[in-house]
Amino acid sequence: MARVVVVGAGIAGLSAAIHAVSGGHHVVVLEKKAKIGGRGTSQNVDGYSLHYGPHLFDKAGPFFRMCKKLSRVKPVAKSIRLDKTDVIGYGPIRPVGNIKQAAQNKRAIKQKRLANPYFQAVNFLANWGIDYNDYRIKSVVKSRLCASNEGWIGLIGRLGAALDEVGVLIETRCEVKAIDNQQVYLTDGRNFSCDAVILACGANGAKRILHPISSQLVERKFTNLITTFGSCIEVGLSSKPMAGKHCIIDLEQNAALIDYAAIQPMLGNMGSHISAIVTGIEDDRPETQLESLLDRHIAGWKKHIITELRQSRIAVGYSNRIEFDTFGNHKILLAGAWVESDYALSDAAADTGKQAAHGINSIL
Ligand SMILES: Cc1cc2nc3c(=O)[nH]c(=O)nc-3n(C[C@H](O)[C@H](O)[C@H](O)COP(=O)(O)OP(=O)(O)OC[C@H]3O[C@@H](n4cnc5c(N)ncnc54)[C@H](O)[C@@H]3O)c2cc1C
């Protein structure tokens, strides 16, 4: 049994802790913020579960599988429908009542025709414009991409509760400043020793901690890592400007609008819950770009706002990711959506948490 410190209580850190504790290790999770979940959670405000931008999960992927496995009451997942997903300038990805067009679109998507707008739209919905990922494309096409009835806060809560039940301490408001020879130093002045560390504190957080340990390796590995940023607006509206559509994709702007309430009516059947994202932003005023996009596609939305949450620039995903055991000889493993995995986004976070936990014995 090893003493393992997990730095960060986002999806990667929670997954690492769950798998490390089931591997028989003694685990402590340290999180710098007041709450767990990182970017992959939501907060309940005015009856809406507001996220950090649109978040859809693959119901067969590692993240949701883990949530389901650890829950006594199974979470409910509802799929985003392609007949209710419009591509601006082209129409629905799966048009009802136009069998010929539907068959053509299906073929273009199956053959991954890069120049085809319907394939481009599926690819955008799958990864928000980051790397192409076959697994995630399949999840869109096979209707596995879902929203849950409880928002991501409910799913994250299930992971936290599972760790609590087995006695794993998650210390919040606890920021790791440095690691040196299996000694963990906190910004509040405390320090303690451990056998292994799993860094699940995001790419920037990990880079800061790793730099003093092995600056050359850090420079080499992190220089190639590419981060895609996005800007998001999430609003609860008293109206239904998307008129029952699940999603609108604007390929020219690298943008999408989804209505959680249309996908999952348990999230609010009176109005709508719109989540809009633009990615690959160069503009220094991305929010303005997003607002004018909303004005164009759901005119009048501002008059019906009940509640809202905005992110002007947030890391959505990564390319050229880093191997989880790159710093293994320092007894440090990596977990997060920025770590190499067959999966993407939150599924990559959950998968790499598992990889890191399973790798503990090999670095001791
Ligand atoms: C706009 C947007 C849309 C997205 N859409 C989707 C989607 O549709 N589907 C999907 O599956 N995924 C989506 N994602 C991706 C998903 O949110 C992330 O992949 C996932 O949440 C990353 O989890 P993580 O644990 O790797 O990192 P994070 O969530 O960033 O967690 C890192 C944690 O470490 C903590 N931390 C940092 N430094 C320290 C330190 N020094 N000491 C202690 N703690 C520290 C942070 O506070 C944070 O809680 C989206 C992300 C964004 C931003």
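Since the structure is predicted, the reported quantities are computational estimates derived from the model, not experimental observations. (Residues numbered from 1 in each chain as written. Predicted model: local features only at pLDDT ≥ 70, side-chain atom pairs only at ≥ 80, totals over all residues.)

Student: Quick one: what's the story with the overall build of the protein, residue by residue and with numbers?
Tutor: A count of helices and strands for the protein gives 11 helices and 20 strands. Each of the three principal axes of the protein carries a C-alpha extent, and together these read 65 × 40 × 40 Å. Across the 364 residues of the protein, 50% fall into the buried class. Residue pairs in contact within the protein that sit at least 24 positions apart in sequence constitute 69% of those at least 6 positions apart. (Helix = DSSP H or I, 4+ residues; strand = E, 2+ residues; numbered from the N terminus. Buried ≥ 20, exposed ≤ 12 C-beta atoms within 10 Å, placed from the backbone. Contact = placed C-beta atoms within 7 Å.)

Student: Report on the environment of Val96, specifying residues and quantitative values.
Tutor: Checked against the element boundaries, Val96 lands in the loop between β8 (91-92) and α3 (99-110). With 247 residues separating them in the primary sequence, Val96 and Tyr343 have C-alpha atoms 31 Å apart.

Student: Which residues make up the sheet that holds strand β2 (residues 26-30), and what values go with them?
Tutor: Strand order in the open sheet formed by five strands is β10-β2-β1-β14-β20, and the pairing between neighbours is parallel. Of all strands in the sheet, those bounded by a partner on one side alone are β10 (169-171) and β20 (332-334). Averaged over all pairs of adjacent strands, the angle between strand axes in this sheet comes to 20 degrees, irrespective of strand direction. The pairing of strand β14 (residues 196-199) with β20 spans three bridges and is classified as parallel. What sits directly across from Ile198, in β20, is Leu333. (Pairing = 2+ DSSP bridges. Axes fitted to C-alpha atoms, helices over the stretch in contact; angles between N-to-C directions.)

Student: Which residues make up the pairing of strand β3 (residues 42-45), and what values do they have?
Tutor: With four bridges connecting them, β3 and strand β4 (residues 48-51) associate as antiparallel partners. Considered in β4, the bridge of Val45 is made with Tyr48. Between β3 and β4, which follow one another and run antiparallel, lie two residues, and Asp46 among them has a positive phi close to 50 degrees.

Student: Run through the site of the ligand, naming residues and quoting values.
Tutor: In the region of the ligand, 38 residues are neighbours, and Gly8, Gly10, Gly38, Gly40 and Gly53 sit closest. Mapped onto the shell around the ligand, the elements with two or more residues apiece are α1 (11-22), α7 (202-210), β15 (226-237), β19 (305-319) and α11 (345-363). The dominant element in the shell around the ligand, judged by the number of residues it contributes, is α11, at four residues. The class makeup of the residues in the shell around the ligand is 20 nonpolar, 12 polar and six charged. Among the domains, domain 1 (3-45 + 150-225 + 320-363) and domain 2 (82-142 + 227-318) are the pair contributing at least three residues each to the shell around the ligand. (Near = placed C-beta within 6 Å. Nonpolar A, V, L, I, M, F, W, Y, C, P; charged D, E, K, R; others polar. Domains from an automatic or database assignment.)

Student: Let's hear about the pairing of strand β16 (residues 247-250): which residues, and what values?
Tutor: Residues Cys247 and Ile249 of β16 are buried on one face, and the alternating residues Ile248 and Asp250, pointing to the opposite face, are buried as well. Strand direction decides the pairing type here: strand β7 (residues 85-87) and β16, joined by three bridges, are parallel. Each bridged residue has a counterpart across the sheet, and for Val87 the counterpart in β16 is Ile249. In terms of strand pairing, β16 meets strand β17 (residues 255-259) through four bridges, oriented antiparallel. Paired with Cys247 across the bridge in β17 is Ile258.

Student: Lay out the domain arrangement of the protein with the relevant residues and their values.
Tutor: Frequently, the measure chosen for interface size is the accessible area that the parts lose on association. Each domain of the protein was delimited in the assignment, giving domain 1 (3-45 + 150-225 + 320-363) and domain 2 (82-142 + 227-318). Between the C-alpha centres of domain 1 and domain 2 there is a distance of 30 Å. Each partner contributes to the interface: domain 1 provides 11 residues, whereas domain 2 provides 11 residues. Broken down by class, the residue content of the side of domain 1 that touches domain 2 amounts to eight nonpolar, no polar and three charged.

Student: Go over the environment of His55 with me, naming the residues and quoting the values.
Tutor: For His55, the location among the structural elements is in the loop between β4 and β5 (57-58). It is 9.5 Å that separates the C-alpha atoms of His55 and Ile258, two residues lying 203 residues apart in sequence. Among all residues touching His55, those that are not within four sequence positions of it are Gly40 and Trp152.

Student: With reference to specific residues and values, describe the sheet that holds strand β13 (residues 191-193).
Tutor: If you trace the three strands from one edge of the open sheet to the other, you get β11-β12-β13, paired in antiparallel fashion. Whereas interior strands pair on both sides, the edge strands pair on one side only; in this sheet they are β11 (176-180) and β13. Taken over all neighbouring pairs, the strand axes of this sheet differ in orientation by 20 degrees on average, direction set aside. Direction of pairing for β11 relative to strand β12 (residues 183-186): antiparallel, over a ladder of four bridges. Bridge pairing links Ile179 to Val184 in β12.

Student: I'd like to hear about the nonpolar core, residue by residue, with values.
Tutor: Counting 111 residues, the largest nonpolar core has Ala17 and Ile198 as its most contacted members. Counting residues per element, this core draws most heavily on α1, which supplies eight residues. There are two domains that each give this core at least three residues, and those are domain 1 (3-45 + 150-225 + 320-363) and domain 2 (82-142 + 227-318). Not counting residues up to four positions away in its chain, the partners in contact with Ile198 are Val4, Val6, Val7, Ala16, Leu333, Ala335 and Ala356. (Core = buried A, V, L, I, M, F, W, Y, C linked by C-beta atoms within 7 Å.)

Student: Residues and numbers for unusual backbone geometry, please.
Tutor: For Asp46, which is not glycine, the phi dihedral falls at a positive 50 degrees. Summarising the element assignment, Asp46 is placed in the loop between β3 and β4. Residue classification places Asp46 among the exposed residues on the basis of 9 C-beta atoms within 10 Å. Look at Leu345: it is not a glycine, yet its phi comes out positive at around 50 degrees.

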